[in-house]
Amino acid sequence: MELDPAHLSSLSSALADLTDRITKLADGYQATPREDVAADLYEVERHLQAADRRLRTLVTKLDG
């Protein structure tokens, strides 16, 4: 199976959108009795950002 940079780029965009949604959820739990939920969601956010960076690096590598 051949890797398609356009498909990977599309997945990267989806990850960025998902990351934004997670961040908004986490922000909603800040300064509430459930700040533990915010902390967990921010951890998920960091992992999604790392995955997105990795995908973008791969896309650049495939395009170059």
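Above this text is the structure in question.
Since the model is a prediction, treat every value here as computed from it, not as a measurement.

Draft legend 1. Representation of the nonpolar core. Grouped together as the largest cluster of nonpolar side chains are ten residues: L8, L15, I22, A26, A38, L41, Y42, L48, L55 and V59. For this core, the elements supplying multiple residues, two or more each, are α1 (5–29) and α2 (35–63). No other element matches α2, which puts six residues into this core. Ignoring sequence-local partners within four residues, the contact set of V59 consists of P5, L8 and S9.

Draft legend 2. Structural context of the environment of D52. Following the sequence through the fold, D52 ends up in helix α2. Given the relative accessible area of 9%, D52 is considered buried. It is 9.4 Å that separates the C-alpha atoms of D52 and S9, two residues lying 43 residues apart in sequence. When neighbours within four sequence positions are excluded, D52 is seen to be in contact with S12, L15 and A16.

Draft legend 3. Broad picture of α1. Over its 25 residues, α1 runs 36 Å from end to end, which matches the ideal 36 Å to within 8%, given 1.5 Å per residue. Where α1 is concerned, the buried positions are L8, S12, L15, T19, I22, T23 and A26. Backbone nitrogen of A6 and a side-chain oxygen of the N-cap are separated by 3.2 Å at the start of α1; the cap is D4. Positive backbone phi, at 60 degrees, marks A31, one or two positions downstream of α1.

Draft legend 4. Up close: unusual backbone geometry. Backbone geometry at A31 places phi at a positive 60 degrees, although glycine is not the residue there. Its place among the elements puts A31 in the loop between α1 and α2. Overall, A31 belongs to the exposed group, its relative accessible area being 71%.

Draft legend 5. Molecular detail of the side chain of T23. Along the polypeptide, T23 turns up in helix α1. Setting aside chain neighbours within four positions, we find T23 in contact with Y42 and E45.

Draft legend 6. Structural context of α2. For α2, built from 29 residues, the straight-helix expectation of 42 Å at 1.5 Å per residue is met to within 8% by its first-to-last C-alpha distance of 42 Å. All of the buried residues along α2 are A38, L41, Y42, E45, L48, D52, L55 and V59. Where α2 is buried, its residues contact α1.

Conventions used here
- Residues numbered from 1 in each chain as written.
- Predicted model: local features only at pLDDT ≥ 70, side-chain atom pairs only at ≥ 80, totals over all residues.
- Heavy atoms only, no water.
- Core = buried A, V, L, I, M, F, W, Y, C linked by side-chain atoms within 4.5 Å.
- Buried < 20%, exposed > 50% of the residue type's maximum accessible area, 1.4 Å probe, protein only.
- Helix = DSSP H or I, 4+ residues; strand = E, 2+ residues; numbered from the N terminus.
- Contact = heavy atoms within 4.5 Å.
- Expected span 1.5 Å × (residues − 1).
- Polar contact = N/O pair within 3.5 Å; in protein donor to acceptor, adjacent residues only side chain to side chain.

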